[in-house]
Structures are given as C-alpha cells and as structure tokens.
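Here is how the chains run, residue by residue.
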Amino acid sequence: ASGSITKEELKEISIPVLEGYSLIMPEQEWAKSKEGMNPVEISISVSMPEFDGIIHGVPVAAKHMKENGEVEYLPISERMAFMVSKAKKWALLRSKENKDKKIAIILHNMPPRNDMIGCAFGLDTPNSVYNMVETFSEMGVPIDYKFKNGDDIIQRIIRTVYFIPLSLYPFIA
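About the thresholds
- Residues numbered from 1 in each chain as written.
- Predicted model: local features only at pLDDT ≥ 70, side-chain atom pairs only at ≥ 80, totals over all residues.
- Heavy atoms only, no water.
- Pairing = 2+ DSSP bridges.
- Helix = DSSP H or I, 4+ residues; strand = E, 2+ residues; numbered from the N terminus.
- Axes fitted to C-alpha atoms, helices over the stretch in contact; angles between N-to-C directions.
- Contact = heavy atoms within 4.5 Å.
- Salt bridge = Lys/Arg side-chain N within 4 Å of Asp/Glu carboxyl O.
- Buried < 20%, exposed > 50% of the residue type's maximum accessible area, 1.4 Å probe, protein only.
- Lys, Arg positive; Asp, Glu negative; His and termini not counted.

**Student:** Can you break down the sheet that holds strand β2 (residues 54-65) residue by residue, with the values?
**Tutor:** The sheet built from 3 strands is open, its strands ordered β1-β2-β3 with mixed pairing. Looking at the sheet topology across the chains shown, the edges are occupied by β1 (17-23) and β3 (71-75). Put simply, the sheet's adjacent strands are angled 40° from each other on average, direction ignored. Set on the sheet, helix α3 (residues 39-51) makes contact with β1 and β2; between it and β1 the angle comes to about 170°. In the packing of helix α4 (residues 77-95) onto the sheet, the strands contacted are β1, β2 and β3, and the crossing angle to β2 comes to about 160°.

Encoded structure:
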C-alpha cells in the first residue's frame, strides 16, 4: 500500500478535500491567456477530480523550463496563500453550529434563457437543489425560502430576476 488515505476513509471521517494542482503551462502564458487553463488541464485538474469528490481546486504551481531543458514546477505565491485561506475557512466552517451557517447556491444560465437556468447535462439540477435545501433545513441551517419542488425554485428565479440591458450601463464600453 502507498500509505495514502482512500476516498472511502475520507468520507468515513467526513473531511472535505481541497486540491492544489500544477499548471502544465508556464505561469506567464497562463496569466496572459484569455481562456486560462487549456481543455486538457481543465479535464485533468478540475473535471475529473470533481468526480472523485474534490470540493475546490486551485492552481498553486506552474511549469517552468530550466536552462538545461529539465522541467520543474514553481509555486504561484498568491495562489498558495489563497489555498491556505480556503482551507482555514473550511476548518472554521466545521466548528460553526448549523444555525450560524449561510448557504448560497449559484446556478449558471448559459445561454441566457429561462430554460437553461441551472442546466447540467444529464442532471435534474432544480430537484437536486430542492433536495439539498430540504436537507440543509432538516440539519438546522436557516433557509430564507421554502420551496414546493425544483420547478418552484426555477419559477421563483424567473419571477424575481430582472435583466438590465447593457445599453443602460454607459460606463461599459
């Protein structure tokens, strides 16, 4: 055995897993890129780990080519500090009573149409959110809204979200 802890053991002791990963491109290239990480990096460092239960990943190092042609990975200082801060916040959250916790659920909407709110391939996001909200409520987490079902969540979003055309923002050019 490698001595590593297994996913099952982490679940058993209820410890969230944060991931610090290395970029496969140099930091300067990554910083200049409009896309940020390339599709391979996203797949390897973000998407696949999420399937394994990783809660939040952050790039903490980037590829660097030495003069002799060898590859090394150098730390990205502000990202390392961010990851440490994130871990501290998770640890503090564990010590809070449920009645003192706040929860925000963010749903994407791309393309921006009502039928795409929370859209996720092969998943019933509205009912999953409903089930999460109900579970949080049962655990004593204060919930501002009481929903009938997943459809009620989407209908409430549609009724209460107002879109302001960008033309009304003169400061955006």
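**Student:** Before we move on, could you go through the pattern of salt bridges and cite the residues and values that matter?
**Tutor:** Considering all chains together, one arrives at 4 salt bridges under this definition. In this structure, E70 and K66 form a salt bridge, with 3.8 Å as the shortest nitrogen-oxygen distance. Among the residues examined, E70 registers a relative accessible area of 44% and is labelled partly exposed. Judged by relative accessible area, K66 falls into the partly exposed class, the value being 32%. For E134, the salt bridge identified is with K146, shortest N-O distance 2.9 Å. Here E134, found in helix α5 (residues 125-138), pairs with K146, found in the loop between α5 and α6 (150-160); they are 12 residues apart in sequence, far enough to count as distant.

**Student:** Break down α6 for me, citing the residues and quoting the values.
**Tutor:** For α6, the full list of buried residues reads G150, D152, I153 and I154. Looking at the packing, one finds that the buried side of α6 touches α5.

**Student:** Pulling in residues and values, what's your account of the pairing of β3?
**Tutor:** The pairing of β2 with β3 spans 5 bridges and is classified as antiparallel. Note on β3: the bridge partner recorded for M65 is V71. Between the end of β2 and the start of β3, which pair antiparallel, lie 5 residues, with G69 showing a positive phi angle near 95°.

**Student:** Describe in detail unusual backbone geometry, supporting the description with residues and values.
**Tutor:** The omega torsion across M110 and P111 is -5°, close enough to zero to call that bond cis. Mapping P111 onto the fold places it in the loop between α4 and α5. The residue S14 is not glycine, and still its phi comes out positive at about 55°. Note that S14 resides in the loop between α1 (7-13) and β1.

**Student:** Residues and numbers for the pairing of β2, please.
**Tutor:** Judged from the 7 bridges that link them, β1 and β2 form a sheet pairing that is parallel. The partner of E19 across the bridge, within β2, is G57.

**Student:** Describe the side chain of D152, and please don't skip the residues or the numbers.
**Tutor:** Mapping D152 onto the fold places it in helix α6. In this structure, D152 is buried with no salt-bridge partner, the nearest side chain bearing the opposite charge being R156 at 4.2 Å. Discounting residues that sit within four places of it in the chain, D152 has contacts with K146, F147 and R159.

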